[in-house]
Amino acid sequence: DAQIEREKQVYSISGGCTALTVVYLLGKLYVGNAGDSRAIIIKNNEIISVSTEFTPESERQRLQFLGYMQPQLLGNEFTHLEFPRRVQRKEVGKRMLYRDFTMNGWAYKTIEDEDLKFPLIYGEGKKARVLATIGVTRGLGDHDLKVHDSNIYIKPFLSCIPEVKVYNLMQYEHGTDDVLVMGTDGLWDVLTNEEVAEAVSTFLSNCDTDDLHRYTMAAQDLVMRARGVLRDRGWRISNERLGSGDDISVFIIPLMYGNRQP
């Protein structure tokens, strides 16, 4: 992340990205995730989650704690507290549910003028944003990103440190249909782990096991499933649900070679 910052200054490049990487080392898979991509393992029709998305909702307490400890990062325009909805001036002096970084549940507090500031985390699901700007809380880059029309930097709230999970390939015997699926949020926004696993397993079972291109074709099938088909009302997937409007990248990697002794 520091190298990206140096190079962006030289080449005047803006923006940032998330990162999902898998390293095979001495019989183990090390899955590192910094962002909102996801990786799952499909083994004998069982789904094993090997990464976690980092979003304003999943990292609420870390972000709120940072805002509490360093209030200057909020630029006197945001509050680190979270409320079920935006607080209005007419509600000053009344009681409303809130939560802080120490809390998993909610409690009541009497609304003060300070609570009228825009919340550090606002919105739900894919609409949740940090400082009303970005919907992911870990990644690389974005050193120059600011809140619109302000001098408040987003970067202090974004972590480049990945979560790393380990999967020991040597503990299991893997068949030809046991795979690692890596996908960007464009895939997972519209398809569940179960839908992805069913689609991959069905596709692979209909292919010749000697065809090494079957994994690539299964990945292409997932991309097309997530995008859907173009209708009058936009891209649609099964049950007339909205297809993904985001970038979709998918890797499907067979695991059967990982537990073979050299």
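Residues numbered from 1 in each chain as written. Predicted model: local features only at pLDDT ≥ 70, side-chain atom pairs only at ≥ 80, totals over all residues. Heavy atoms only, no water.

Notably, N45 is not glycine yet its phi reads approximately 70°, a positive angle. With respect to the element layout, N45 can be found in the loop between β4 (38–43) and β5 (46–49). Of note in this structure, N76 is not a glycine but carries a positive phi near 60°. You can see N76 is positioned in the loop between α2 (60–69) and β6 (78–79). Given a relative accessible area of 63%, N76 falls into the exposed group. (Helix = DSSP H or I, 4+ residues; strand = E, 2+ residues; numbered from the N terminus. Buried < 20%, exposed > 50% of the residue type's maximum accessible area, 1.4 Å probe, protein only.)

What UniProt calls "domain: PPM-type phosphatase" (unreviewed entry) maps, in this numbering, to residues 1–255. Segment residues 1–255 splits into 20% helix and 26% strand. End C-alpha atoms: 30 Å apart. (UniProt positions renumbered as here; feature names shortened; annotations may be inferred.)

The end-to-end C-alpha separation of helix α5 (residues 214–227) is 20 Å, in line with the 20 Å expected for 14 residues at 1.5 Å each. Within α5, burial applies to R214, Y215, A218, A219, D221, L222 and A226. Considered in projection along α5, the buried side chains sweep an arc of 155° and stay on one side of the axis. If you follow the buried residues of α5, they end up packed against β14 (179–183), α3 (185–188), α4 (193–205) and β17 (250–254). (Expected span 1.5 Å × (residues − 1). Arc of directions from axis to C-beta. Contact = heavy atoms within 4.5 Å.)

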